[in-house]
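Working through the structure, step by step
Residue strings, one per chain:
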Protein chains: 4
Amino acid sequence: MAGSTFGNIFKITTWGESHGKGLGAVVDGCPAGLSLCEADIQPYLDRRKPGQTSIATPRKESDQVEILSGVFEGKTTGTPISLIVRNTSQKSSDYSEIASYYRPGHADYTYDAKYGFRDYTGGGRSSGRETIGRVAAGAIAVKILKEMGISVTAYTKSIGPVFVDMSAFDQTAIYTTATCMPDKKADICAMEYLAECMKNKDSSGGIIECIINGLPAGIGDPVFEKLDACLSKAIMSIGSVKAVEIGDGVLVSQSLGSVNNDAFTCTGNKISKKTNHAGGILGGISDGSPILLRAHIKPTPSIFSRQETINKKGENIQIEIKGRHDPVIVPRAVVVVEAMTALTLLDACMMNMTARLDYLTDFYRHV
Amino acid sequence: MAGSTFGNIFKITTWGESHGKGLGAVVDGCPAGLSLCEADIQPYLDRRKPGQTSIATPRKESDQVEILSGVFEGKTTGTPISLIVRNTSQKSSDYSEIASYYRPGHADYTYDAKYGFRDYTGGGRSSGRETIGRVAAGAIAVKILKEMGISVTAYTKSIGPVFVDMSAFDQTAIYTTATCMPDKKADICAMEYLAECMKNKDSSGGIIECIINGLPAGIGDPVFEKLDACLSKAIMSIGSVKAVEIGDGVLVSQSLGSVNNDAFTCTGNKISKKTNHAGGILGGISDGSPILLRAHIKPTPSIFSRQETINKKGENIQIEIKGRHDPVIVPRAVVVVEAMTALTLLDACMMNMTARLDYLTDFYRHV
Amino acid sequence: MAGSTFGNIFKITTWGESHGKGLGAVVDGCPAGLSLCEADIQPYLDRRKPGQTSIATPRKESDQVEILSGVFEGKTTGTPISLIVRNTSQKSSDYSEIASYYRPGHADYTYDAKYGFRDYTGGGRSSGRETIGRVAAGAIAVKILKEMGISVTAYTKSIGPVFVDMSAFDQTAIYTTATCMPDKKADICAMEYLAECMKNKDSSGGIIECIINGLPAGIGDPVFEKLDACLSKAIMSIGSVKAVEIGDGVLVSQSLGSVNNDAFTCTGNKISKKTNHAGGILGGISDGSPILLRAHIKPTPSIFSRQETINKKGENIQIEIKGRHDPVIVPRAVVVVEAMTALTLLDACMMNMTARLDYLTDFYRHV
Amino acid sequence: MAGSTFGNIFKITTWGESHGKGLGAVVDGCPAGLSLCEADIQPYLDRRKPGQTSIATPRKESDQVEILSGVFEGKTTGTPISLIVRNTSQKSSDYSEIASYYRPGHADYTYDAKYGFRDYTGGGRSSGRETIGRVAAGAIAVKILKEMGISVTAYTKSIGPVFVDMSAFDQTAIYTTATCMPDKKADICAMEYLAECMKNKDSSGGIIECIINGLPAGIGDPVFEKLDACLSKAIMSIGSVKAVEIGDGVLVSQSLGSVNNDAFTCTGNKISKKTNHAGGILGGISDGSPILLRAHIKPTPSIFSRQETINKKGENIQIEIKGRHDPVIVPRAVVVVEAMTALTLLDACMMNMTARLDYLTDFYRHV
């Protein structure tokens, strides 16, 4: 319960710090028989690496994943898959200054408050590098979901005031623009906005949206394990996320029932909904429509302008953070949202396999 | 994992349907030695009951709680506390019509998709009455938190376009207005808005806000069990919630680092923050400031205007829902938000008691 | 984690004390579509009730179960099944004496040590009546296992020095003899032995054996969730059990590899083993042979002879326990062993349904 | 739930196969502030390594542990501790023969039955090397327990027919004899017995006993999480264990209440028991006496005499297993029993810290 394990049947445990020996994940409960090698996982890690763009930290992170267990002759065996990414570029910088005070917007103070001290090198486990374990494990979940016909696609919806034009949605742009926006024009505007932020020694927030296609109706459990509740926890557990929306999200509080209700309709024998304000979930259970969620990401807390704070002696001081930091977290978090969504969905799909008595009796008739 | 259990150490399991014999909760992991009787719980259940106002269903729900176990001579014994609320007003209405089709915005279709059939009387377990177990159990968590100096206060922040004026915050109004707004003027406006909705055979959404005071810094666990992640799941698991915000929430995605970062400051030896955009949580761990969260609630799906949907035969039909239904869910959900928040906080506080080695060694030196 | 919840997917939570208002269980994760009514459960509760024999307490326990939720029109809905058994015969005896001291062999002292005080009326939750919740919930698991072709049969193997003759195994005798022995001759001897015990104001221990037939190979998970490990916990969690054996059990420590290894053999295309020293489990996973386990039950701690102990003031005293108590726990625990075994097996069978990738892809191709 | 995670608050996840790249464990929930380095763990791993004796496999296993995360400047930080032991001596033997059939007494068949195929090199995850993760993680638990004044001591009680003489108990002998017996004379006899076994191409079982001193009264939770139930699962989850006993264990089933009940006594204000048939646990909760448990270990299934079995084609065949294998598992499993016991106790002690309301209020008054 200390917080590094996620999932019920498809269960991952992550570990590692920014400047320790490495980071990793153990995936337990992965079904046997899945073809798996490092090349299935590496592209996802590459997506969360800083690019060679003006908005990404120039720290070189090769972030090569190695599979240490759980795969035999190219297939998963059903036993835990241990994944490791060695840290390579941690240098013995002078962290004595950063160790002495609490950076605003960071977890420096809260880790000290909880544990009595903290690993102050590069943020320790509160670093964004913590997400490496999530992404590596999530890549496996994504691969399994694909075999089940389910796809998960996240992208940057906005950076600061710049929103993508969804009518110009271009999926390939997600993987080729520096902002991970599915709209090259918006990407250009956003890059200009970020350049301005950097000039002002400031940083920007943004929105990540995620669409799930192919999820059948019936996934998710009532009451505390509603699919939207599980997704919210998964997404809100990503550092810097401050709000999660499902479907129309915050708009529903100012909507009307006559507008917000989605009419069911039947064409042939296929049931669908005329609209999807609900974002594909009713009563915590998927309704067969695309699942839609959004995460609101706060601006990078590391900014270069002068800030007020306190040091460990309790003195009020002013600081200027050095080094180089991304002016926006959003683009690198896109694949993290995908990973957490995939982990949540796969686990919910597994849990659903015992929802009806005939599922059990049919299964055990054939085993 | 089927979804009716919540919490790790302070663990509740709820059960019951709208029109079954009753509803209840089993609270396991409640510390021994707490004074507890029905009168501690009943006021919370009374707050979620429909009032005698124009916006509440006239169904008479006495909702009297009975403690069946776990209390001896007025004190909790450390063993499970079983709570039951008998259903009294379920009448043998004719549900054959409702059984035959899927109401838009309700979970009728998704329950059928998951389980093959459903309890169609009054919504079964997807009914709002499901929250009775949460509220009864949550009342115990609230009482324990109080003894620890922690308070949880939720209220209606908006109904449709009508927002409370926080500068006129009046806590008693929460418990006396029909809308549970802490602002009597806003309450009047909201009631007018709702009257309009009802006249239009329509319904309204709204926002519930919740403030936690007295929570020390250090509560919450890193990575997957972040305090905000746990709160999000807890709140999103309440039916009709479609978005959860922490602190500034959705605003952060359009904010700047220079604005969003909260400066630490020290007065005497007390550490605080000059602002609280973060809503009291940094890196998933409480920072000692008030925790702030908001839930966006969708409009009541049961509206009286004509709606399109399908029946179980797959035919496209038009329906008009009968009976009486609240034009807004928000006021009755306020105490549910309080309950889920309290359950989450208490569990996190319990989990925190082993965060440091000296906590263990000190404890076991005295036991 | 406070100990009243059992199982991962098929999950039960029990509650209640000996002399409180009642006892019960909430079964969460029961598949939808199972025919279920009180008559399915009551026979199991009747088997744990004291009979009208010389070895059973004359306390009248009608122990009528009521289903409060989770069943609609005779079928389980997939939502939690709340079961309650009201206590009817708790009388306001004078418990002041029993409250003042610690009975040897009972949990009086340890409950006080843990919780600071205890419910001393009839043992509170440490009473044998605690098993009512297990048996009621277990009856549902047994019913589902039957539909899957799996049977669980427990019986008394020995009482004190009297062992059943397995070559004379008579299943009906389990349900008709006072000792629950599958051998009427052994039953007579055991009853004589118990009469002698009672005359001496003493009590006897015994062994319960349990055989599972029809469980396919492949059930159970490696490492910490081995099927035998899960069964051991389940059985050892029954009060008064002090040892658990699988297959040859304690004999293996004095055996030889050449004797203990079970040879595999193939007839037609059916794989089996020539012997079953392993008790149907290899590496924590079922091998398709019958599962065999044994529980060693201690003598009833309530005996009428004079005993030394201490009172709550810390004075050394001598006591003589009054009232009537069974001279042996074994017969009434037989159905409890069956229940705990069934709960463990069903949960393991459910968990197994995601062991292979093609299980998932096949399932979701049809949903 | 796939079985590689153990514990609730102090939670470990193990991974790795006999002939893969390595094995390891992630320890989550370790309190911050514990001094920890590889030298704290290595001695425990060394104890499970084969020695240079006639009864141990000559395979050279250096089994050097490396700490990858969770420790900063010599102290645990409260974040997950990742431990890795690289496999160094796995050679590319020819496993085609072993891949083609099912060895009696091994998990070859059951893994195939469950997963459809298996890692046949050296037993994969069903190998005894799986225990490396348990021992490495357990060493941390042992260290914490020591700081709390709790010690865990396991030793070989018997090998085949040779039992130690407890009146000659010599703790140092545990760590110096090849058999891990606390009695050098018994060690000599046991070694002779094993030499005989080896000559006969056979193997032997044995008993491991474990004593816990210093555990205060009150640890363990009622009903399903009884301390003895948790210990049973922990111990039975070790490969080759077929029976677990607490206190007098299997003897209780033939005992009398008058003999089996332990009288309480008070000297000064210290409560103790005159005897300890119960093995330190009453009603699933520790009573302050030493905890006593025993594990019965089956003979090594790998024997060199000719055995009957089947191959994967379903043909009945005869095999002779090659290579070198220990004629007894017991000595190398002693430290594994210690590790699993320590993990269980520490977790139960952590869980106990919220058992009473004043524990919480006292704690949060000081935080």
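Notes on the structure follow. Since the structure is predicted, the reported quantities are computational estimates derived from the model, not experimental observations. (Residues numbered from 1 in each chain as written. Chains lettered and ligands numbered in written order. Predicted model: local features only at pLDDT ≥ 70, side-chain atom pairs only at ≥ 80, totals over all residues. Heavy atoms only, no water.)

1. Concerning the overall build of chain A
Check the secondary structure of chain A and you find ten helices and 18 strands. Compactness check: chain A gives a C-alpha radius of gyration of 22 Å against a globular reference of 21 Å for 367 residues, within 12% of the reference. Principal-axis analysis of the C-alpha atoms gives chain A an extent of 65 × 50 × 35 Å. Counting over 367 residues, chain A shows a buried share of 68%. The long-range fraction of contacts in chain A, counting pairs at least 24 apart against all pairs at least 6 apart in sequence, stands at 68%. (Helix = DSSP H or I, 4+ residues; strand = E, 2+ residues; numbered from the N terminus. Rg over C-alpha atoms; globule rule 2.2 N^0.38 Å. Buried < 20%, exposed > 50% of the residue type's maximum accessible area, 1.4 Å probe, protein only. Contact = heavy atoms within 4.5 Å.)

2. Looking at the packing of aromatic side chains
Per the stated rule, a full pass over the model turns up 36 aromatic pairs over all chains. Relative to B:Y109, the ring of B:Y102 lies with its centre 5.2 Å away and its plane at 70°, an arrangement referred to as edge-to-face. Since its relative accessible area comes to 12%, B:Y109 is described here as buried. Taken together, the ring pairs in this structure connect A:Y102, A:Y109 and B:F264 into an aromatic cluster. (Phe/Tyr/Trp six-rings, centres within 6.5 Å; stacked < 30°, edge-to-face > 60°.)

3. A short note on the side chain of D:N260
Structurally, the position occupied by D:N260 is in helix α8 (residues 257-260). Residue contacts for D:N260: discarding those within four places in its chain leaves C:K298, C:P299, D:D248, D:V252, D:S255 and D:H277.

4. Some words on the interface of chain A and chain B
Opposite the 106 residues of chain A that make contact, chain B presents 106 residues. With both sides pooled, the region where chain A packs onto chain B buries about 8,400 Å², and carbon together with sulfur makes up 60% of that total. The interface formed by chain A and chain B includes six salt bridges. B:K274 serves as the salt-bridge partner of A:E308, at 2.7 Å between the closest nitrogen and oxygen. On the surface where chain A and chain B come into contact, there are 47 residue pairs in polar contact (both at pLDDT 80 or more). (Buried area = accessible area lost by both parts, 1.4 Å probe. Salt bridge = Lys/Arg side-chain N within 4 Å of Asp/Glu carboxyl O. Polar contact = N/O pair within 3.5 Å; in protein donor to acceptor, adjacent residues only side chain to side chain.)

5. Topic: the relation of the copies chain A and chain B
Superposing chain A onto chain B requires a rotation of 180° together with a translation of 0.0 Å along the rotation axis, leaving an RMSD of 0.0 Å. Within this description, the copies of the chain are treated as partners about a two-fold rotation axis. The position closest to the rotation axis in chain A is occupied by the C-alpha of A:K233, lying 2.4 Å away. Comparing interface residues between copies, 100% of those in chain A also sit at the interface in chain B, which points to an isologous, same-surface contact. (Least-squares fit on C-alpha atoms with pLDDT ≥ 70 in both.)

6. A short note on the interface of chain C and chain B
Contacts between the two partners involve 45 residues from chain C, matched on the other side by 45 residues from chain B. Counting each side, the surface lost to burial between chain C and chain B is near 3,500 Å², with a carbon and sulfur contribution of 60%. Viewed at the interface, chain B and chain C are joined by four salt bridges. The salt bridge involving B:R86 is made with C:E66; its shortest N-O contact spans 3.7 Å. Inspection of the chain C/chain B interface yields 13 residue pairs in polar contact (both at pLDDT 80 or more). Breaking the side of chain C that touches chain B down by element, the ones donating at least two residues are β2 (11-16), β3 (22-28), β4 (65-67), β6 (75-76), β7 (81-86) and α3 (108-115) of chain C.

7. So, the side chain of D:Q307
Following the sequence through the fold, D:Q307 ends up in strand β17 (residues 307-310). For D:Q307, the side chain forms a polar contact with the side chain of C:N261, separated by 2.8 Å. Beyond its immediate sequence surroundings of up to four residues, D:Q307 is in contact with C:N261, D:P104, D:P301, D:I317, D:Q318, D:I319 and D:I321.

8. Things to note about the sheet that holds strand β7 (residues 81-86) of chain A
Residues and elements named next belong to chain A. What the five strands build is an open sheet, ordered β1-β2-β3-β7-β4; its pairing is antiparallel. Each edge of the open sheet is held by one strand with a lone partner, namely β1 (5-6) and β4 (65-67). As judged from the three bridges shared by β4 and β7, these two strands associate in the antiparallel manner. Along β7, the bridge assignment pairs V65 with V85. Packing against the sheet, helix α1 (residues 38-48) makes contact with β4 and β7, and its axis sits at approximately 155° to β4. (Pairing = 2+ DSSP bridges. Axes fitted to C-alpha atoms, helices over the stretch in contact; angles between N-to-C directions.)

9. A look at the sheet that holds strand β4 (residues 65-67) of chain D
All names here are of chain D. Reading across from one edge, β1-β2-β3-β7-β4 is the order of the five strands in this open sheet, with antiparallel pairing throughout. In the strand order of this sheet, the two ends are held by β1 (5-6) and β4, each with one partner. Against the sheet, helix α4 (residues 131-147) makes contact with β2 (11-16), β3 (22-28) and β7 (81-86), and its axis sits at roughly 35° relative to β3, the strand it touches most.

10. Here's the deal with the pattern of salt bridges
Throughout the structure, instances matching the rule amount to 100 salt bridges over all chains. Put simply, A:E338 and A:R47 hold a salt bridge, and the shortest N to O gap is 3.0 Å. Here A:E338, found in helix α9 (residues 330-351), pairs with A:R47, found in helix α1; they are 291 residues apart in sequence, far enough to count as distant. Of the charged contacts, one joins C:D262 and C:K273 as a salt bridge, the two residues approaching to 3.7 Å between their closest N and O atoms. Taken together, the residues C:D262 in the loop between α8 (257-260) and β12 (264-267) and C:K273 in strand β13 (residues 270-273) connect sequence positions eleven residues apart.

11. Quick look at helix α9 (residues 330-351) of chain B
Between the first and last C-alpha of α9(B) there are 31 Å, a value that for 22 residues agrees with the 32 Å anticipated at 1.5 Å per step. A large share of α9(B) lies buried, amounting to 22 of its 22 residues. (Expected span 1.5 Å × (residues − 1).)

12. Details of helix α1 (residues 38-48) of chain B
Restricting attention to buried positions, one finds in α1(B) the residues B:I41, B:Q42, B:Y44, B:L45 and B:R48. Take α1(B) and look down its axis: the buried residues cluster within an arc of 165°, on one side only. (Arc of directions from axis to C-beta.)

13. Some points on the state of the cysteines
Counting across every chain of the model gives zero disulfides over all chains. With no disulfide of its own, C:C30 lies 13 Å from the sulfur of C:C37, the closest cysteine sulfur. With no disulfide of its own, D:C349 lies 12 Å from the sulfur of D:C230, the closest cysteine sulfur. (Disulfide = S-S within 2.5 Å.)

14. Considering the packing of helix α7 (residues 227-236) of chain A against α9(A)
Residues and elements named next belong to chain A. Axis separation between α7 and α9 bottoms out at 9 Å; the angle between their running directions is 145°. Pair α7 / α9 crosses with right-handed handedness. Taken together, the residues of α9 that come into contact with α7 (itself represented by L227, C230, L231, A234 and I235) are V337, M340, T341, T344, L345 and A348. (Left-handed = near helix turned anticlockwise from the far one by under 90°.)

15. Considerations on the packing of helix α4 (residues 131-147) of chain A against α9(A)
All names here are of chain A. The N-to-C vectors of α4 and α9 enclose an angle of 55°; their axes lie 7 Å apart at closest approach. Regarding the angle of α4 to α9, the classification is oblique. Relative to α9, α4 is oriented so that their crossing is left-handed. Residue-level contacts link T131, R134, V135, A137, G138, A141, V142, I144 and L145 of α4 to V335, V336, A339, M340, A342, L343, L345 and L346 of α9. (Parallel < 35°, antiparallel > 145°, perpendicular 65-115°, else oblique.)

16. What about unusual backbone geometry?
All names here are of chain D. The backbone of D63 shows a phi angle near 50°, a positive value even though the residue is not glycine. Among the structural elements, D63 can be located in the loop between α1 (38-48) and β4. Its relative accessible area of 2% is what places D63 among the buried residues.

17. Quick word on the pairing of strand β2 (residues 11-16) of chain A
Residues and elements named next belong to chain A. Among the six residues of β2, six are classified as buried, and the element is accordingly described as predominantly covered. Of the two faces of β2, the one lined by K11, T13 and W15 and the one lined by I12, T14 and G16 are each fully buried. Two elements, β1 and β2, share two bridges in a ladder whose sense is antiparallel. Among the inter-strand pairings, T5 is bridged to a residue of β2, identified as T13. The hairpin formed by β1 and β2 contains four residues between the paired strands, and G7 there has a positive phi angle of roughly 105°. Direction of pairing for β2 relative to strand β3 (residues 22-28): antiparallel, over a ladder of six bridges. Residue pairing for β3: G16 is matched across the bridge by L23.

18. Details of the environment of A:G247
All names here are of chain A. Relative to the helices and strands, G247 is located in the loop between β11 (241-246) and α8 (257-260). Distance from G247 to R294, taken between C-alpha atoms, is 8.2 Å for residues 47 residues apart in sequence. Those residues within four positions of G247 in sequence are excluded, and the remaining contacts are H277, A278, G279, L292 and R294.

19. Section: the pairing of β3(C)
Residues and elements named next belong to chain C. Among the seven residues in β3, seven count as buried, and that is most of the element. Side chains of β3 alternate between two faces, with G22, G24, V26 and D28 and L23, A25 and V27 buried alike. In textbook terms, the turn of a hairpin is the stretch between consecutive antiparallel strands, and for β2 and β3 this stretch comprises five residues.

20. Considerations on the environment of D:R47
Residues and elements named next belong to chain D. Among the residues examined, R47 registers a relative accessible area of 25% and is labelled partly exposed. Here the alpha-carbon distance between R47 and C349, two residues 302 residues apart in the chain, equals 26 Å. Here R47 is in contact with Y175, V334, V335 and E338, once residues within four sequence places are set aside.

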